[in-house]
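So the chains spell out like this:
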Amino acid sequence: MSPILIRVENENAFSAPAPVGAPTSEQIAEVRVAANQETPAGNAGIWECSPGRFRRQVAQAEYSYFISGEGSFTPDGGAPVVFRPGDSIYFAANTQGEWEIRETVRKAYLILT
């Protein structure tokens with residue numbers, strides 16, 4: 001199998017901003033996605049989110065690499081995991097919790113099916 005290149009040429013590659021599905025703050029975060037690609041393991045792409053708080057809506061396992069921005073993810077019953085550019089987080093399947101985006105985040109993701 002050949003390698004799969006995921007590239008964002010410019011800002012026009014992103015979808016239109018859409019409100020998050022389960023906001024938990026008055027400031028409703030908006031997300032955009034670019035270069036979403038099917039892979040043998042699931043799907044991958046680039047995700048961007050403006051500031052706000054919301055519940056995680058992805059049931060599958062996920063690996064994320066943070067390109068820019070900062071915030072935290074607090075798993076239900078756990079301590080906050082603070083992230084910044086250059087960090088990676090692995091979410092096991094069915095990880096539930098709350099995102100808090102403090103500065104617009106851009107991450108590369110791989111959803112594992």
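Keep in mind that what you see is a predicted model, and the values were worked out from it rather than measured. (Residues numbered from 1 in each chain as written. Predicted model: local features only at pLDDT ≥ 70, side-chain atom pairs only at ≥ 80, totals over all residues. Heavy atoms only, no water.)

Caption draft 1: Focus on the layout of surface pockets. Space inside the largest pocket adds up to approximately 330 Å³. As for the largest pocket, its lining consists of 19 residues, and the residues nearest its centre are Val 31, Trp 47, Phe 54, Gln 57 and Val 58. Here the lining of the largest pocket gets 4 residues from one element, more than from any other, and that element is strand β8 (residues 97–112). In the lining of the largest pocket, the residues fall into 11 nonpolar, 4 polar and 4 charged. (1 Å grid on protein atoms, 1.4 Å probe; cavity = no way out; pocket = protein on both sides within 12 Å on 5 of 7 lines; lining within 4 Å. Points joined across faces, edges and corners; volume = space filled by probe spheres on them. Helix = DSSP H or I, 4+ residues; strand = E, 2+ residues; numbered from the N terminus. Nonpolar A, V, L, I, M, F, W, Y, C, P; charged D, E, K, R; others polar.)

Caption draft 2: The pattern of salt bridges, seen in detail. Under the definition given, this model contains 10 salt bridges. Connected through salt bridges with shared partners, the residues Glu 11, Arg 32, Glu 48 and Arg 106 form a single ionic network. (Salt bridge = Lys/Arg side-chain N within 4 Å of Asp/Glu carboxyl O.)

Caption draft 3: Just the packing of aromatic side chains, in detail. Taken as a whole and assessed by the stated rule, the structure comprises 9 aromatic pairs. Taking the centre distance of 6.5 Å and the plane angle of 55° together, the rings of Trp 47 and Phe 54 count as tilted. Comparing Trp 47 with Phe 54, the two get one shared label, buried. Summarising the aromatic geometry, the rings of Phe 91 and Trp 99 are spaced 5.5 Å apart at their centres and angled 55° between planes, so their arrangement reads as tilted. Through successive ring pairs, a cluster of aromatic residues spans Trp 47, Phe 54, Phe 66, Phe 73, Phe 83, Phe 91 and Trp 99. (Phe/Tyr/Trp six-rings, centres within 6.5 Å; stacked < 30°, edge-to-face > 60°. Buried < 20%, exposed > 50% of the residue type's maximum accessible area, 1.4 Å probe, protein only.)

Caption draft 4: Structural view of the environment of Gly 78. Topologically, Gly 78 is positioned in the loop between β5 (61–75) and β6 (81–83). Spatially, the C-alpha atoms of Gly 78 and Tyr 63 are 19 Å apart, while their sequence positions differ by 15 residues.

Caption draft 5: A look at the environment of Pro 19. In this fold, Pro 19 is placed in strand β1 (residues 18–19). Setting aside chain neighbours within four positions, we find Pro 19 in contact with Ile 28, Ala 29 and Glu 30. (Contact = heavy atoms within 4.5 Å.)

Caption draft 6: Quick look at the side chain of Glu 62. In this fold, Glu 62 is placed in strand β5. Side-chain polar atoms of Glu 62 contact the side chain of Ser 64, separated by 2.9 Å. (Polar contact = N/O pair within 3.5 Å; in protein donor to acceptor, adjacent residues only side chain to side chain.)

Caption draft 7: How the structure looks around unusual backbone geometry. Although it is not a glycine, Ala 35 adopts a positive phi angle of roughly 55°. If you check the backbone angles, Asn 94 has positive phi at about 65° while not being a glycine. Position of Asn 94 among the secondary structure elements: in the loop between β7 (88–91) and β8. Accessibility expressed as a relative area gives 57% for Asn 94, which makes it exposed.

Caption draft 8: Molecular detail of the nonpolar core. Counting residues in hydrophobic clusters, the biggest one holds 16 residues, and the most contacted among them are Trp 47, Cys 49, Phe 54, Phe 83, Trp 99 and Ile 101. Sorting the residues of this core by element identifies β3 (42–49), β5, β7 and β8 as the ones contributing at least two each. Considering each element in turn, this core owes the most residues, 5 residues, to β8. In this structure, Trp 99 is in contact with Gly 52, Arg 53, Phe 54, Arg 56, Phe 66, Ser 72, Phe 73, Phe 83, Phe 91 and Lys 107, ignoring residues within four places of it in sequence. (Core = buried A, V, L, I, M, F, W, Y, C linked by side-chain atoms within 4.5 Å.)

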